[in-house]
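Residue-level structural notes
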Amino acid sequence: MIDFSILQQGLAMLASPWTFLALSGGLAGGILIGALPGLTATMAVAVLAPFTFFMDATIGIPFLLGIYKGAIYGGSIPAILVNTPGTAAAAASARDGYALTLQGKSRKALELSLFSSVVADLMATLVLIVVAIPLASIAIRFGSPEFALLYLIALTMIATVSGGNAAKGLAAAGLGLLVACIGLDPMSGYQRFTFGNTDLLAGVSLIPLMIGMFALSEILMQLTHPPEGQQTAGDVEHGGERLRWAEFWVLRPTILRSTSLGTFLGSLPGLGAEIACWIAYGLARGRSREPERFGEGSLEGLAAAEAGNNAVVPSALIPMTVFGIPGDTITAVLIGALMAQGMMPGPLLIQQNPGFLFGLFMVLLVTNLLLLVFGLFAIRWLKQVTRIPHAVLYPCVLLLCVCGAYAVNSSTFDLLILVFGGGAGYLMRRTGFPIAPLIIGLLLGPGFESALRQSLVFSNGSLAIFWSRPISLVLLCLLVLVIAFLAWRGLKPKGATLRLPWSRRKKPHNANGGDS
Amino acid sequence: MNHKTLPLTLLSASLAAASLTAASTVLAQESHLPDEPIRFVTPYPAGGSHSLHAGIITAVGEEFLGRSLISVIRGGGGGAVAAAEVAGSTPDGTMLLFGDPTINSLRPQVEDLPYEMDDFVPVARINYSPAIFVTTPEQPFQTIGELVEHAGDHPDEVIYSSDNRNGFTYTVFEMLKGAADVEMRGVELGGGGPAVTQLLGGNTMAYAGAPSVVGEHLEAGTLTGLCVTDIERQEAYPDIPTCQEEGYDVVFQFWRGVMAPAGTPDEVVAELSDGFERMTQNEGFLRLISQIGSDIQFQGHEAFAESLAAEQAALREAYLGE
Amino acid sequence: MVDLMNTVLSRRSTRLLETLMGLGTLAAGLVFLRIVHAPTAPYGDPGYIGSAAFFPGLMALLVAALGVVLMLMAWRPQPPTPIKTGRTSRALSAYVLMVVVAIGLPWLGIWLTSMLAVPLLALLFGERRWYILLILAIVPPVLVIHLFEGVMGIYFPRGGWL
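As the structure is a computational prediction, the values presented were derived from the model and not from experiment.

**Structural notes on the overall build of chain B**
From N to C terminus, chain B includes twelve helices and ten strands. Across the 322 residues in chain B, those meeting the buried criterion constitute 54%. For chain B, long-range pairs separated by at least 24 residues make up 74% of all intrachain contacts whose partners lie at least 6 apart in sequence.

**Brief notes about the overall build of chain C**
Looking only at helices and strands, one finds five helices and zero strands in chain C. Secondary structure elements in chain C, listed N-terminal to C-terminal, are α-α-α-α-α. Relative to a compact globule of 162 residues, whose C-alpha radius of gyration would be 15 Å, chain C shows 23 Å and is clearly more extended. When its C-alpha atoms are laid out on the principal axes, chain C stretches across 60 × 50 × 25 Å. Put simply, chain C has 162 residues, and 31% of those count as buried.

**Some remarks on the interface of chain B and chain A**
Think of interface size as the accessible area that goes away when the parts come together; that is how it is often given. Every contact between the two is made by 54 residues of chain B and, on the other side, 54 residues of chain A. When residues of the side of chain B that touches chain A are traced back to their parent elements, those giving at least two are α1 (2–21), α2 (49–60), α4 (80–87), β7 (185–188), α8 (192–200), α9 (211–220) and α11 (283–291) of chain B. By residue number, the principal contributor to the side of chain B that touches chain A is α1 of chain B, which donates ten residues. Residue composition of the side of chain B that touches chain A, grouped by class: 26 nonpolar, 20 polar and eight charged.

**Digging into the interface of chain C and chain A**
The partner chain A presents 59 residues to the 64 residues of chain C that form the contact. Contributions of two or more residues to the side of chain C that touches chain A are made by α2 (11–36), α3 (54–73), α4 (88–124) and α5 (130–152) of chain C. Considered class by class, the residues forming the side of chain C that touches chain A number 47 nonpolar, eleven polar and six charged.

**A word on helix α6 (residues 144–153) of chain B**
Residues and elements named next belong to chain B. Here α6 has its buried residues at Ile 144, Leu 147, Val 148 and Ala 151. Along the axis of α6, the buried residues cluster in a sector spanning 95°; they form a single face. Buried residues belonging to α6 abut β5 (132–135), α7 (168–180), β8 (206–209) and β9 (224–228).

**Considerations on the domain arrangement of chain B**
Residue and element names in this part refer to chain B. Split into domains, chain B comes out as domain 1 (35–127 + 255–320) and domain 2 (132–228). Distance from the C-alpha centre of domain 1 to the C-alpha centre of domain 2: 28 Å. At the junction of the two partners, domain 1 supplies ten residues and domain 2 supplies nine residues. Among the elements that make up the side of domain 1 that touches domain 2, the one with the highest residue count is helix α5 (residues 101–110) (four residues).

**Topic: the pairing of strand β2 (residues 69–73) of chain B**
Residues and elements named next belong to chain B. β2 sits mainly inside the fold: four of its five residues count as buried. When strand β1 (residues 38–42) meets β2, the two strands line up parallel, connected through five bridges. Paired with Thr 42 across the bridge in β2 is Ile 73.

**Here we look at unusual backbone geometry**
All names here are of chain A. For Asn 83, which is not a glycine, the phi torsion comes out positive at approximately 60°. If you trace the backbone, Asn 83 turns up in the loop between α5 (76–82) and α6 (91–102). Looking at Asn 83, the number of C-beta atoms within 10 Å reads 26, which means it is buried. Non-glycine residue Asn 460 carries a positive phi angle of around 60°. Mapped onto the fold, Asn 460 is located in the loop between α22 (436–458) and α23 (465–468).

**A few points about the domain arrangement of chain C**
Along its sequence, chain C is carved into domain 1 (2–73) and domain 2 (88–152). Computed over C-alpha atoms only, the centres of domain 1 of chain C and domain 2 of chain C are separated by 35 Å.

**Topic: the sheet that holds strand β10 (residues 253–261) of chain B**
All names here are of chain B. Across the sheet, which stays open at both edges, the five strands sit in the order β2-β1-β3-β10-β4 with mixed pairing between neighbours. In this open sheet, the two edge strands, each paired with only one partner strand, are β2 and β4 (120–130). Mean inter-strand twist for the sheet, computed between neighbouring axes without regard to direction, equals 20°. Across the sheet, α4 touches β1, β3 (95–99), β4 and β10, and the angle it forms with β3 is around 145°.

**Points about the environment of Leu 475 of chain A**
Residue and element names in this part refer to chain A. Looking at where Leu 475 falls in the secondary structure, it is placed in helix α24 (residues 470–496). On the neighbour-count criterion, Leu 475 (22 C-beta atoms within 10 Å) is buried. Separated by 323 residues in the primary sequence, Leu 475 and Leu 152 place their C-alpha atoms 9.8 Å from one another. Excluding residues that lie within four positions of it along the chain, Leu 475 makes contacts with Glu 146, Leu 149 and Leu 150.

**Points about the packing of helix α3 (residues 41–52) of chain A against helix α4 (residues 57–74) of chain A**
Axes are the key here: two packed helices are described by the angle between their axes and the distance separating the axes. All names here are of chain A. Contact geometry of α3 with α4 gives a least axis separation of 9 Å together with a crossing angle of 165°. Comparing their axes, α4 and α3 come out roughly antiparallel. Here α3 runs over α4; the crossing is right-handed. Across the interface between the two elements, Ala 41, Ala 44, Val 45, Leu 48, Ala 49 and Thr 52 from α3 touch Gly 60, Phe 63, Leu 64, Ile 67, Tyr 68, Ala 71 and Ile 72 from α4. For the contact of α3 with α4, the per-class residue count stands at eleven nonpolar, two polar and no charged.

**As for the pairing of β7 of chain B**
Inspection of the sheet shows strand β6 (residues 159–162) of chain B paired to β7 of chain B by four bridges, in the parallel sense. Within β7 of chain B, the residue paired with Ser 161 of chain B across the bridge is Val 187 of chain B.

**What about the nonpolar core?**
Residues Val 45, Leu 64 and Ala 280 of chain A are the most contacted members of the largest nonpolar core, which totals 323 residues. Not counting residues within four places of it along the chain, the set of residues in contact with Ala 280 of chain A comprises Ser 258, Leu 261, Gly 262, Ala 304, Ala 305, Ala 307 and Gly 308 of chain A.

**Observations regarding the environment of Glu 306 of chain B**
In this fold, Glu 306 of chain B is placed in helix α12 (residues 301–320). Between the C-alpha atoms of Glu 306 of chain B and Glu 138 of chain B, which are 168 residues apart in sequence, the distance is 43 Å.

**Observations concerning the packing of helix α20 (residues 390–409) of chain A against helix α21 (residues 413–430) of chain A**
All names here are of chain A. Orientation of α20 relative to α21, taken along the N-to-C sense of each, is 135°, at an axis distance of 8 Å. One finds that α20 runs oblique with respect to α21. Both α20 and α21 take part in a crossing whose hand is right-handed. Residues Cys 401, Val 402, Ala 405, Tyr 406, Val 408 and Asn 409 of α20 lie in contact with α21, whose contacting residues are Asp 414, Leu 415 and Leu 418. Class assignment of the residues belonging to the contact of α20 with α21 gives a composition of seven nonpolar, one polar and one charged.

**Side note on α4 of chain C**
If you check α4 of chain C, its first and last C-alpha atoms are just 12 Å apart, much less than what 37 residues at 1.5 Å a residue would give, namely 54 Å. Where α4 of chain C bends most, at Gly 109 of chain C, the angle is about 125°.

**With respect to the confidence of the model for chain B**
On average, residues of chain B score 84 in pLDDT, and 89% of them reach the 70 mark or higher. Across residues 1–28 of chain B the pLDDT falls below 50, and counting only partners more than four positions away or on other chains, this stretch makes 36 contacts in the model.

**Some points on the environment of Thr 143 of chain B**
Residue and element names in this part refer to chain B. With respect to the helices, strands and loops of the structure, Thr 143 is situated in the loop between β5 and α6. On the neighbour-count criterion, Thr 143 (16 C-beta atoms within 10 Å) is partly exposed. Each C-alpha atom, one on Thr 143 and one on Leu 226, is 5.0 Å from the other, the two residues being 83 residues apart in sequence.

**Considering the confidence of the model for chain C**
Residues and elements named next belong to chain C. Predicted confidence across chain C gives a mean pLDDT of 86, with 93% of residues reaching 70 or more. When mean pLDDT is compared element by element in chain C, α4 scores highest at 93, while helix α1 (residues 2–6) scores lowest at 49. Interface predicted TM-score (ipTM) for the complex: 0.92; the corresponding pTM is 0.84.

So, how was this worked out
Residues numbered from 1 in each chain as written. Chains lettered and ligands numbered in written order. Predicted model: local features only at pLDDT ≥ 70, side-chain atom pairs only at ≥ 80, totals over all residues. Helix = DSSP H or I, 4+ residues; strand = E, 2+ residues; numbered from the N terminus. Buried ≥ 20, exposed ≤ 12 C-beta atoms within 10 Å, placed from the backbone. Contact = placed C-beta atoms within 7 Å. Rg over C-alpha atoms; globule rule 2.2 N^0.38 Å. Nonpolar A, V, L, I, M, F, W, Y, C, P; charged D, E, K, R; others polar. Arc of directions from axis to C-beta. Domains from an automatic or database assignment. Pairing = 2+ DSSP bridges. Axes fitted to C-alpha atoms, helices over the stretch in contact; angles between N-to-C directions. Parallel < 35°, antiparallel > 145°, perpendicular 65-115°, else oblique. Left-handed = near helix turned anticlockwise from the far one by under 90°. Core = buried A, V, L, I, M, F, W, Y, C linked by C-beta atoms within 7 Å. Expected span 1.5 Å × (residues − 1). Bend = angle between axes of the 7 residues up to and from the residue. pLDDT = per-residue confidence, 0-100.

If you want it as structure tokens, here you go:
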């Protein structure tokens, strides 16, 4: 079955030094772009795609893939170091990653994030190569009712990131879901809650708000509670100790779970890394032996979030290679770039140009190994970031945030959203409201609402559609199980710590900026 | 540091090579444009065919317009946010909108948007694509006539993939429903990708989309073409009849064109129009456009103004019955 | 100053602050609820699940209800989790700076805004050496703005005064 010439053709592509150079360049550039808040992988690929039209396919496409992978990984770097997720997909990594940095373990966090990313990516790429077609034929059967239930399952993750106070967490999530309703409703054409403001027609932009809530509020928190200072003076080896192999090895079930989850979610067209990281994080916390450490610098939490969001990258290519359907906005741009090279991704590509497709898979695998090399090299320097005095570091973070928030839409209104997010985030952190539920609500709200309403158009208004279809029935049972599990888990510790019912969780570290 | 500059060097090298091969063009001796870059606003998020076209235009546009072009991608509100921003900008040719029929003809007439149809003057039409009505081979109807018949026998039971309210797919289905006097239910899925997915997955029964979206599936046989919303058959799909041939008067050409804010001086509009015309005649540009599965049906500002007025009137009639 | 850092707000002020947060949540919920349920029902029937008004209406109701819960919880017999005090005034001045940057950037342009904002924030962080402030005013803006404009082709506002 396997044609030897195809293998040869594919490997020849890798052997070209230009392909290799383009890949490395794209990867390095992607890490940098991902690390800058506001510059997302989607934007980078979209902006640079037209330039690849002038290049040969064996240079242009690896270049774009390098950017894509680099940018998804790069987003976790500022999330860990300065609590500023570079991309929405890294928001979950900021929780435990930054908590580790505060404990002086930034090197460990960066290394763990890199290793989890690379391992998850590698496994998901193998899935793409081996079982793309069967997986895609399952994924394509997912209709709006199944998506609505998946979103609902994802929304239950709010409970796992709410910290000690469930009411505050729910209120934050509710506000996020409410803010998500602002803007032009694509299904009905109504302009909802725009208060007559033209810019609000587009809704409240997620990335500026998120940068404001995480990064600007972090700057304000640092001003309110400056660190005591003994830490910065005494440390000889900066960034703390490195990750030990044993520490990584015990995480293998977590990483495996997150990877399978991310791979599956990525193969569903429309669900991206932003959502996968939270579900993976919530799942890991549910299965963990020490869920109380989540949000306080848990290695498990960081590994789960990073494996979850990076596993999405190769598997988002599954709908693209099998059906020519974009799995997310980035693959939509990649399809455009492939078309520009005269290659239509989809069923015809497998038949017409299998050599190129094989080469593409090889490029994906090599990108991973390169990511490991680049990442290790970058960490040597990045761990020094904690050495930069705050008076220099945070003004630069502010500048990056302002530029990044503007860059998302070239919109000055987004700057107002950024500052509003900063103020709201600061207020919430001072008063013990968790920020993560609000971001999850904002992320999932629009998808859930439209999937729910689409389902009702399918069924002509009958709710029975959620249990009359086999896949949705399975998902509905899963949802019930998840809720039952959360309820059981939530009730259990109550009895154990009855003495201190109003502060069940340990003393809140939020005031110190540890919680997100 | 050296890693960062690498992609840039690569890019500039390939760009330079590309512009060298392009024919050099004489610029207008006297320009009426202000001496600053032109911001070319794409009203949809990055990733769609609009932003791909805009990427090519802004990458090669400078030598034809005499000003550098900056691609501004400003999505949101189905294009309304960018349109309102351009409509309110200084009308001197420094900010242009990459418009289309839903933004410039349809929605300002049927929705309450923060801009009016007359806030824009047409500069140049770059190209257009029709919609192709498609279905899967499993459906009980395989021609547009059978679809209409099926919908007539089973009112409100044919479910089709739609995009957004008053979007491209939404509009052509409304036109078909009006022309054939049948009832069908559309599910607004927000874009071509999910719409085709749901159709292929058997959740919906029909769809209508641009050749760039459905073309490959037509070739692979996973989708069947029913009819084309153009006045003549497509060169690439000679077997698919036009809707008019089949007896349903559904014609909708989804154009992509450059619009300037109203009040832009006539000589500036004319100069821009000439510049875009020279660009669309350039071989290098044509090659790039053909690479993204598109082609050029250029109209200068005068011809474009006429066809636009006709389209706006036709839509007013279809939607508002005036 | 140091004392200020590790003390907590008094129980009364904590309760007041928590009540205010609850009140704010309630107000946000009520504003949205009022819009959805306006006499003209601007987004359709809030009672029907498939309408554009159902989901926002439900969420607004949830938020308003949670606002009430939060207000009640602030007055439970057990004292609420104490809130740490800190140098709030300094954070407030930094926030004012951020607001000025966001509002002023379209008029003042990216260069002037960033060259003022970066050293000013450093000043708030306690940096007093003039040469460091000068370096901060020049190096980060030049690097960051060229990075964004050069690599990503983003064109920042130059301001009306130029």
